[in-house]
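# Summary of structural features
Residue-level listing of the chains:
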Amino acid sequence: SSPTPRKGWKALFVSPSSVAQVHDLCRRADAGAEKRVAVVCHWGVIQALTDVDAENCDVIALLFSPAAGVVDQRWGPQRRAAAERGWAWEVLGPFAARDAARIPLLEVTK
């Protein structure tokens, strides 16, 4: 069996650890594309995107929405860069990848 994104979710195979890659995610949201993104990656990337502690290969979800114009200075540079481009995201997770069947944004196919 393998986990795949549920309908309405997009799995992007990016490593958004740099501000430039965050700009790409925001550009996609600007274009009306992915606003619900499932991310599985290195713990450091998850921490940079979300300011949440996670393990390697944990799953998080980013739910993009227009930013309220407020940039929280406690956020890391990636989240601040997104807010400056007009986007914010709510974070779901982290979820352990081994628990794929219980992760709300994934469905397990056989």
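Residues numbered from 1 in each chain as written. Predicted model: local features only at pLDDT ≥ 70, side-chain atom pairs only at ≥ 80, totals over all residues. Heavy atoms only, no water.

### Overview of the overall build of the chain
Across its full length, the chain carries 3 helices and 6 strands. N-terminal to C-terminal, the α/β element order of the chain is β-β-α-β-α-β-α-β-β. Split into buried and exposed, the 110 residues of the chain put 35% on the buried side. The contacts in the chain between residues at least 6 apart in sequence include a share of 63% that link residues at least 24 apart. When the accessible surface of the chain is split by element, carbon and sulfur atoms take 52% of a total near 6200 Å². (Helix = DSSP H or I, 4+ residues; strand = E, 2+ residues; numbered from the N terminus. Buried < 20%, exposed > 50% of the residue type's maximum accessible area, 1.4 Å probe, protein only. Contact = heavy atoms within 4.5 Å. Areas by Shrake-Rupley, 256 points an atom, 1.4 Å probe, with all protein chains shown as cover.)

### What about the packing of aromatic side chains?
Within this structure, the stated rule accounts for 2 aromatic pairs. With 5.1 Å between their ring centres and 55° between their planes, Phe-64 and Trp-89 make a pair best called tilted. Separated by 25 residues along the polypeptide, Phe-64 in strand 4 (residues 59-66) and Trp-89 in strand 5 (residues 87-95) bring together distant segments of the chain. Residue Phe-64 shares its accessibility class with Trp-89, and that shared class is buried. (Phe/Tyr/Trp six-rings, centres within 6.5 Å; stacked < 30°, edge-to-face > 60°.)

### Section: the packing of helix 1 (residues 19-30) against helix 3 (residues 77-84)
Where helix 1 meets helix 3, the closest approach of the two axes is 9 Å, and the angle between their N-to-C directions is 40°. One way to sum up the angle between helix 1 and helix 3 is to call them oblique. By crossing handedness, the relation of helix 1 to helix 3 is classed as right-handed. Between helix 1 and helix 3, the residues in contact are Val-19, Val-22, His-23 and Cys-26 and Pro-77, Gln-78, Ala-81 and Ala-82, respectively. Split into classes, the residues belonging to the contact of helix 1 with helix 3 amount to 6 nonpolar, 2 polar and no charged. (Axes fitted to C-alpha atoms, helices over the stretch in contact; angles between N-to-C directions. Parallel < 35°, antiparallel > 145°, perpendicular 65-115°, else oblique. Left-handed = near helix turned anticlockwise from the far one by under 90°. Nonpolar A, V, L, I, M, F, W, Y, C, P; charged D, E, K, R; others polar.)

### Overview of the side chain of Asp-58
Relative to the elements of secondary structure, Asp-58 occurs in the loop between helix 2 (43-50) and strand 4. Side-chain polar atoms of Asp-58 contact the backbone nitrogen of Glu-55, separated by 2.9 Å. In contact with Asp-58, not counting residues within four places along its chain, are Val-39, Val-40, Cys-41, Ile-46, Pro-94, Phe-95, Ala-96 and Ala-97. (Polar contact = N/O pair within 3.5 Å; in protein donor to acceptor, adjacent residues only side chain to side chain.)

### Examining the environment of Arg-80
Along the polypeptide, Arg-80 turns up in helix 3. The partly exposed category is assigned to Arg-80, whose relative accessible area is 24%. Considered as a pair, Arg-80 and Val-19 are 61 residues apart in the sequence and their alpha carbons are 9.2 Å apart. Excluding residues within four positions of it along the chain, Arg-80 makes contact with Val-71, Asp-72, Gln-73 and Trp-75.

### Some thoughts on the nonpolar core
Counting 17 residues, the largest nonpolar core has Val-22, Cys-26, Val-39, Leu-49, Leu-62, Phe-64 and Trp-89 as its most contacted members. Secondary structure elements with two or more residues in this core: helix 1, strand 3 (36-40), helix 2, strand 4 and strand 5. In terms of residue count, the dominant contributor to this core is helix 1 (4 residues). In contact with Val-39, not counting residues within four places along its chain, are Leu-49, Asp-58, Val-59, Ile-60 and Leu-62. (Core = buried A, V, L, I, M, F, W, Y, C linked by side-chain atoms within 4.5 Å.)

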